Amino acid sequence: MKKIIIALSVIAFAVPALVQAQRVVCKIKGSDTCLPLSQKEAEVYMQKNPGSSISVVGGGSGVGLAALLSGTTDIAQSSRKMKLDEKIKLQDAGKAFKEVIIAYDALAVVVNPANKVNQLTREQLEDIFTGKVTNWKEVGGDDMKIIAYSRESSSGTFEFFKEHVLNKKNFATTALLMPATGAIVQSVSQTAGAIGYIGLAYINKDVKALKVSYDQGKTYVAPAVETAKNKTYPITRPLYYYYLTSIEKTVKPYVDFILSADGQKIVHEEGYVPIK
Amino acid sequence: MKKKITQSKFYFFGIILLIMAGILPAAAQVNDEQKADTLTPAVEQVKSDLTVLKRLKISGYIQAQWQKAEQAGIPSFAGGNFTADVDNRFSVRRGRVKFTYDNDWSQYVLQLDVTERGVAIKDAYASFTDPWTKYFTLTGGVFNRPFGYEIVYSSSIRESPERSRFVQTLFPGERDLGAKLTIQPPKTSKYNFISLDLALINGTGNTAVDFDKYKDFIGRLAIVKSNKKENIKYGVGVSYYYGGWKQATKFNYSMKDVTLKEGGTMKAFVVDSAGSAIGDMLKREYFGVDAQFAFDFPFGMTQIRGEFIMGTQPGTSSTTTSATAQPTQNPSVPYATTAIYDTTGAITGYTTVANAAVSSDAYRRKLDGFYFYLVQNIFQTRHQFIFKYDWYDPNTDVSGNDIGANAKSLPKGAKPTSSTDIKYSTIGIGWAFRWNSNVKLTAYYDIVKNESTSAITNKSPLKDFAGDIKDNVFTLRLQYKF
């Protein structure tokens, strides 16, 4: 009897403690590309783990990583790898960090649905965004001025697009810099001659995603989870979470959840590419 | 009695509740209407005020330290000379507060240094970036001289407590008064990794008032890049300095081969006393090259930095430190009697005034200097190992026992070299513990070696250069940065 009472007591104390261990209170900041995914993951996690409170905001990868350094966020979400300069700053502040790939993303080039252009080569994209080509008729479209939308330089997507699509060339000075991916979607949906680039998860019926060719027009591939997964879509990239090792215990249950089968299922449902 | 009080309390709270039940909803309705009218403009006002406040950034750091010298009264580049009889000291090495106001394409910076030695201006400049191409930034005021890497590398993040000996000697205080043009493509450009600085400065250092008409030029071209994996970063720069200061006397010494009275030749200072050079510029010219590497290894980040400088420095017989005022010697008679004249030119009396300082003769030397840093982070911990080596050779034409030698055998018009011409090298070994973003503790030991010469011997252990002078320094520093 005594043993049963002890066992019951242990269970009575241990079960709440185990539940308590999954309770996560943290802030996530950074990449707009990661934003819808983090929001959904956090929402599901909080439903499954009452008492958890996870707030998610965007602002761009650079902003998130700067917030990690200044201690104003617990997790920095980033669509680019942390730069060495940022690592040095963290090191100078005596802060060790962990890097986790949570998903992959395909970067989609989008135009207004009224635009009759359906596909472009990388070279054509480079010419459009660097200002060499200024009219849609030069790339098989109507006689219409091209209005290029880009993210701001603090965005990881901006840097990725510049490096992998523009071949490190400068954006045209006429390109309009938008503070968030959502703003690009809205602008492209409302402007006939617009073109922009967004994360796969942001594609909706208001914009048209173009097929892209990286072999000078031999094959064109549409951005999709499947084409990104089988690596036929050329503009894909990993998405990262960065957090300090000093708070690993606090955030790890949530990070583990994203990496779990349930979390990766959400990754797929939200239009991102699972890591496995 | 107790019961009465309880009852009266009951009635009191009852009345209050009734009043609240009737009044509060009405009041809330009024407040809601008022909120609808006032909240938006109030938020707008707060946002507007916040935008202005966010433009002003206040930062700074304080470095409190304790130092132990190998012996009392040593001259030192580890935070200044130790006074006589002092072999250990507490000090506030730097107490900085910096105000930065960013206004889109312009920036205003004022930085003060507040220590037990007083208050000094470190930075006071305004800079403007052209809003069209964003390639050009013009800076005017007191700012860091854009020569090499260590000068502009902030003391708050530098791993060694002090800059290298050659930097402290040639660029005391690091700053100068002048104007600077920086050409660097904006962050959005493919060529953002290249920068060019062109500066025109007084050449007197910090906030010192210029004493001649000559201005100095500094140019630096640098690149900084990282590899795609972001685990290697490298930077390379080349720098050039051209300027000088006005020669005040007709005696101008430079190193030349001379024939000794006893036979043989050696290098010594030979005077040019033609006199035509008075008022001319004594050339000050340096060439510099610097490189920096950072490697993100699994066992911790490694940083390597090096910088080499060579050139010509005009100094005096007793120092090669860059002049902040017209170099002078102590006058032999400190006071003189001077007549007082009336408007007709007649003497009406006499007065005693301080004698004008005698201008010093100029000594030109060829120099070189170097430093090397190895900074190793211990895995991803807060601990860091520091190794540094630097040298400064103020006179590359002479070395070893030739320094100060044959003073009596030199021909007329020649002067021997002295302790001013001795080369110094310093090995620094240190450990840093970064407690958090604000607090850093550094323990650092400077092993200072001087070039020894049997020609300069003295009973004083601080002046006997026959061997190595015991002038090592240990520094324990606590830094708080915000």
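Everything below is about the structure shown above.
Residues numbered from 1 in each chain as written. Chains lettered and ligands numbered in written order. Predicted model: local features only at pLDDT ≥ 70, side-chain atom pairs only at ≥ 80, totals over all residues. Heavy atoms only, no water.

**Considerations on the environment of B:Val114**
Then, in step 1: Among the secondary structure elements, B:Val114 is positioned in strand 3 (residues 106-115).
Then, in step 2: Leave out the neighbours within four places in its chain, and B:Val114 touches B:Val92, B:Gly95 and B:Val119. (Helix = DSSP H or I, 4+ residues; strand = E, 2+ residues; numbered from the N terminus. Contact = heavy atoms within 4.5 Å.)

**Some thoughts on the interface of chain A and chain B**
Then, in step 1: In this assembly, 23 residues from chain A lie in contact with 23 residues from chain B.
Then, in step 2: For the pairing of chain A and chain B, the buried interface totals around 2000 Å² over both sides, and the portion due to carbon and sulfur atoms is 49%.
Then, in step 3: Contact with chain B buries area across many residues of chain A, yet A:Leu84, A:Gln91 and A:Asp92 alone supply 31% of it, more than any other trio.
Then, in step 4: At the junction of chain A with chain B, the criterion picks out two salt bridges.
Then, in step 5: Taken together, the links from chain A to chain B amount to eleven residue pairs in polar contact (both at pLDDT 80 or more).
Then, in step 6: The element contributing the most residues to the side of chain A that touches chain B is helix 4 (residues 84-92) of chain A, with six residues.
Then, in step 7: Broken down by class, the residue content of the side of chain A that touches chain B amounts to eight nonpolar, five polar and ten charged. (Buried area = accessible area lost by both parts, 1.4 Å probe. Salt bridge = Lys/Arg side-chain N within 4 Å of Asp/Glu carboxyl O. Polar contact = N/O pair within 3.5 Å; in protein donor to acceptor, adjacent residues only side chain to side chain. Nonpolar A, V, L, I, M, F, W, Y, C, P; charged D, E, K, R; others polar.)

**Let's talk about the side chain of B:Ser59**
All names here are of chain B.
Then, in step 1: Mapped onto the fold, Ser59 is located in strand 1 (residues 56-69).
Then, in step 2: Among the residues examined, Ser59 registers a relative accessible area of 17% and is labelled buried.
Then, in step 3: Residues contacting Ser59, with those up to four places away along its chain left out, are Arg96, Val97, Lys98 and Phe482. (Buried < 20%, exposed > 50% of the residue type's maximum accessible area, 1.4 Å probe, protein only.)

**Thoughts on a nonpolar patch on the surface**
All names here are of chain B.
Then, in step 1: On the surface, a cluster of nonpolar side chains totalling about 600 Å² of accessible area is made up of Phe297, Phe299, Ile378, Phe379, Phe385, Ile427 and Ile429.
Then, in step 2: Here Ile429 shows up in strand 21 (residues 424-434).
Then, in step 3: Note on Ile429: relative accessible area 39%, which makes it partly exposed. (Patch = residues over 30% accessible without salt bridge, like charges linked within 9 Å, V, L, I, M, F, W, Y side chains within 5 Å. Areas by Shrake-Rupley, 256 points an atom, 1.4 Å probe, with all protein chains shown as cover.)

**What about unusual backbone geometry?**
Residues and elements named next belong to chain B.
Then, in step 1: A positive phi is found at Asp104, a non-glycine position, where the angle reads about 55°.
Then, in step 2: Examined against the element boundaries, Asp104 turns out to sit in the loop between strand 2 (88-103) and strand 3.
Then, in step 3: Not every positive phi belongs to a glycine, and Phe379 is a case in point at roughly 50°.
Then, in step 4: Topologically, Phe379 is positioned in the loop between strand 18 (362-377) and strand 19 (383-393).

**Overview of the environment of B:Gln71**
All names here are of chain B.
Then, in step 1: In this structure, Gln71 sits in the loop between strand 1 and strand 2.
Then, in step 2: Judged by relative accessible area, which is 18%, Gln71 ranks as buried.
Then, in step 3: Those residues within four positions of Gln71 in sequence are excluded, and the remaining contacts are Val86, Asp87, Pro461, Leu462, Ile469 and Lys470.
Then, in step 4: In terms of polar contacts, Gln71 uses its side chain to reach the backbone carbonyl oxygen of Lys470, at 3.1 Å.

**Let's talk about the pattern of salt bridges**
Then, in step 1: Under the defined criterion, the tally for this structure stands at 35 salt bridges over all chains.
Then, in step 2: For A:Arg122, the salt bridge goes to A:Glu123, with nearest N and O atoms at 3.9 Å.
Then, in step 3: We classify A:Arg122 as buried; its relative accessible area is 14%.
Then, in step 4: By relative accessible area, A:Glu123 is classed as partly exposed at 28%.
Then, in step 5: Its salt-bridge partner being B:Asp123, residue B:Arg175 comes within 3.2 Å of it at the nearest N-O pair. A residue pair is termed long-range when its members are at least 10 positions apart, and B:Arg175 in strand 6 (residues 175-183) and B:Asp123 in strand 4 (residues 118-129) qualify at 52 residues. The exposure classification of B:Arg175 matches that of B:Asp123, with both residues buried.
Then, in step 6: Each of the salt bridges in this network shares a partner with another, and the network as a whole consists of A:Arg80, A:Lys83, A:Glu86 and A:Glu159.

Nothing here speaks to function; it is geometry throughout.
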